[in-house]
Amino acid sequence: MEDIVLFGAGGHTKVLIDIIEKMGRHQIIGIYDDRSELFGTNYFGYPVIGPIRSNYAVKRGIIGIGDNDSRAAVSRAILQQSPEFEFIRAIHPSASIGRDVTIEAGTVVMAGAVINPGTTIGSHCIVNTMASVDHDCRVDEFASVGPGSHLGGNVHVKARSFVGIGATVIHQITIGSDSVIGAGATVLHDISNNVIAIGSPAKPMRTREANEKFL
């Protein structure tokens, strides 16, 4: 098994650890997190060994942070610290991955997720528990498809956007970058960049504030 490190000691990391343990391909040797009170402690059975900007024990691993913007910022910090760092993929064994699917580095696919043929999932994305992504979709870097949410065929979710828990996006829809689809929403029309859309049918309610957290 290959040694890896994780970044972030929060709830998303617990799920990530469970996936990695079930995959049986990697050995987690430690976690990096910027909260100094965690240094030297164990988190979910693994040592917290230092801040995110460190001399990494190994230069291979994955980010365990659910918030899209924070995950993007941590990725930049890691690569500034160690340009040769290699990010792995974490795919739960119960996930269903179709033919001709591309899943890029740093992405997490959780238990019960379905990704159908012809789809591309970009780097550092999250396809959450029991989510489904139908054929020929494109999910760009640092975006998230929330638990129990569903994308129809030929949907494009642009960078850093979040499709909330239980939301449904019909076929051939584009969701702009840095946008949020609220929990339980039904998206029937394209959504522009940097907005929050809620309801059924989903309508933009306001502009998203810079660095506003939604995960």
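Refer to the preceding data block for the structure.
Residues numbered from 1 in each chain as written. Predicted model: local features only at pLDDT ≥ 70, side-chain atom pairs only at ≥ 80, totals over all residues. Heavy atoms only, no water.

## Brief notes about the overall build of the protein
Link 1 in the chain: Assigned secondary structure in the protein consists of two helices and 25 strands.
Link 2 in the chain: In terms of overall dimensions, the protein is globule-like: its C-alpha atoms have a radius of gyration of 17 Å, near the 17 Å expected for 215 residues.
Link 3 in the chain: For the protein, the spread of C-alpha atoms along the principal axes amounts to about 50 × 40 × 30 Å.
Link 4 in the chain: Out of the 215 residues in the protein, the part that is buried amounts to 52%.
Link 5 in the chain: Intrachain contacts of the protein at a sequence separation of at least 6 include 30% that bridge at least 24 residues.
Link 6 in the chain: Distance from the positive charge centre (18 side chains) to the negative charge centre (21 side chains) of the protein: 1 Å. (Helix = DSSP H or I, 4+ residues; strand = E, 2+ residues; numbered from the N terminus. Rg over C-alpha atoms; globule rule 2.2 N^0.38 Å. Buried < 20%, exposed > 50% of the residue type's maximum accessible area, 1.4 Å probe, protein only. Contact = heavy atoms within 4.5 Å. Lys, Arg positive; Asp, Glu negative; His and termini not counted. Charge placed at Lys NZ, Arg CZ, Asp CG, Glu CD.)

## Looking at the sheet that holds strand 14 (residues 132-133)
Link 1 in the chain: With respect to topology, six strands assemble into an open sheet ordered 8-11-14-17-20-23, the strand pairing being parallel. Single-partner strands in this sheet number two, and they are strand 8 (96-97) and strand 23 (186-187).
Link 2 in the chain: Sheet topology places strand 17 (residues 150-151) next to strand 20 (residues 168-169); two bridges connect them, and they run parallel. Counterpart to histidine 150 in the pairing with strand 20 is threonine 168. (Pairing = 2+ DSSP bridges.)

## Observations regarding the nonpolar core
Soluble globular proteins: nonpolar side chains tend toward being buried together.
Link 1 in the chain: With 30 residues, the main nonpolar core has Leu151 and Ile181 as its most contacted residues.
Link 2 in the chain: Setting aside anything within four residues of it in sequence, one finds leucine 151 in contact with Ser132, Val133, Asp134, Cys137, Val139, Val145, Val157, Val163 and Val169.
Link 3 in the chain: Ranked by size, the runner-up nonpolar core spans 20 residues in total, among them Ile4, Met23, Tyr46 and Ile88. (Core = buried A, V, L, I, M, F, W, Y, C linked by side-chain atoms within 4.5 Å.)

## Things to note about the environment of serine 149
Link 1 in the chain: As for its position among the elements, serine 149 is in the loop between strand 16 (144-145) and strand 17.
Link 2 in the chain: A sequence separation of 86 residues divides serine 149 from isoleucine 63, and the C-alpha atoms of the two residues are 22 Å apart.
Link 3 in the chain: With near-sequence residues (within four places) excluded, serine 149 lies in contact with Met130, Ala131, Ser132, Val163, Gly164, Gly166 and Ala167.
Link 4 in the chain: Side-chain polar atoms of serine 149 contact the backbone oxygen of glycine 146, separated by 2.5 Å. (Polar contact = N/O pair within 3.5 Å; in protein donor to acceptor, adjacent residues only side chain to side chain.)

## Things to note about the packing of aromatic side chains
Link 1 in the chain: For the structure on display, the rule yields six aromatic pairs.
Link 2 in the chain: For the pair phenylalanine 7 and phenylalanine 85, a centre-to-centre distance of 5.6 Å together with 70 degrees between the ring planes defines the contact as edge-to-face. Separated by 78 residues along the polypeptide, phenylalanine 7 in strand 1 (residues 2-7) and phenylalanine 85 in the loop between helix 2 (68-81) and strand 6 (86-87) bring together distant segments of the chain. For the residue pair phenylalanine 7 and phenylalanine 85, the accessibility class agrees, reading buried in each case. (Phe/Tyr/Trp six-rings, centres within 6.5 Å; stacked < 30°, edge-to-face > 60°.)

## Some points on the sheet that holds strand 7 (residues 90-91)
Link 1 in the chain: Pairing is mixed across the open sheet formed by eight strands, whose spatial order is 7-10-13-16-19-22-24-25. Single-partner strands in this sheet number two, and they are strand 7 and strand 25 (203-207).

## Thoughts on the pairing of strand 25
Link 1 in the chain: Two elements, strand 24 (residues 195-198) and strand 25, share four bridges in a ladder whose sense is antiparallel. When the bridges of strand 25 are listed, isoleucine 198 appears paired with lysine 203.
Link 2 in the chain: The hairpin turn running from strand 24 into strand 25, its antiparallel successor, is four residues long, and glycine 199 in that turn takes a positive phi close to 95 degrees.

## Examining the environment of histidine 189
Link 1 in the chain: In this fold, histidine 189 is placed in the loop between strand 23 and strand 24.
Link 2 in the chain: For histidine 189, a relative accessible area of 55% translates into the label exposed.
Link 3 in the chain: Along the sequence, histidine 189 and isoleucine 20 sit 169 residues apart, while their C-alpha atoms lie 37 Å from each other.

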